[in-house]
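# Chain and residue survey
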Amino acid sequence: MVASDQVSLGRADVGALYEEHRGLLVGTAVGRFGIRHEDAETLVHDVFLAYIVKADEVIDARAWLVGAICNAS
């Protein structure tokens, strides 16, 4: 079982990761794939939900997130 302070630290890490990469991911969806900004924001949320599920298996979060937004777009 995971201690509650470890769980909140993990959530904080995901929050920081979201803030750090949100612009890149939205920009990628809009710029490279012509997705509307509002739809790109939704895709970023979906990508981060998928990341949360797979986070323990991900080696390079930035590469995983960029690949995921490309696939989602």
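In this section: the overall build of the protein. When helices and strands are counted, the protein shows 3 helices and 0 strands. Secondary structure elements in the protein, listed N-terminal to C-terminal, are α-α-α. In the protein, which comprises 73 residues, the share counted as buried stands at 27%. For the protein, the proportion of contacts with a sequence separation of at least 24, taken over those separated by at least 6, is 53%. Put simply, the protein shows about 4,900 Å² of open surface, and 55% of that area lies on carbon and sulfur atoms.

In summary, soluble globular proteins display a tendency toward joint burial of nonpolar side chains. One finds Leu 17, Leu 25, Val 44, Phe 48, Tyr 51, Leu 65 and Ile 69 to be the most contacted residues of the largest nonpolar core, which totals 17 residues. Elements represented by at least two residues in this core include exactly helix 1 (4-33), helix 2 (37-54) and helix 3 (61-72). The element that contributes the greatest number of residues to this core is helix 2, accounting for 6 residues. With sequence-adjacent residues up to four places away left out, Leu 17 is seen in contact with Phe 48, Tyr 51, Ala 61 and Leu 65.

Looking now at the side chain of His 21. Relative to the helices and strands, His 21 is located in helix 1. Contacts of His 21, omitting those with residues within four sequence positions, involve Arg 62 and Leu 65.

The end-to-end C-alpha separation of helix 2 is 25 Å, in line with the 26 Å expected for 18 residues at 1.5 Å each. Residues of helix 2 that are buried: Ala 40, Glu 41, Leu 43, Val 44, Val 47, Phe 48 and Tyr 51. The buried residues of helix 2 occupy one face: seen down the axis, they fall within an arc of 160 degrees. Residues of helix 2 that are exposed and point over 90 degrees away from its buried face: Leu 49 and Val 53.

Thresholds applied
- Residues numbered from 1 in each chain as written.
- Predicted model: local features only at pLDDT ≥ 70, side-chain atom pairs only at ≥ 80, totals over all residues.
- Heavy atoms only, no water.
- Helix = DSSP H or I, 4+ residues; strand = E, 2+ residues; numbered from the N terminus.
- Buried < 20%, exposed > 50% of the residue type's maximum accessible area, 1.4 Å probe, protein only.
- Contact = heavy atoms within 4.5 Å.
- Areas by Shrake-Rupley, 256 points an atom, 1.4 Å probe, with all protein chains shown as cover.
- Core = buried A, V, L, I, M, F, W, Y, C linked by side-chain atoms within 4.5 Å.
- Expected span 1.5 Å × (residues − 1).
- Arc of directions from axis to C-beta.

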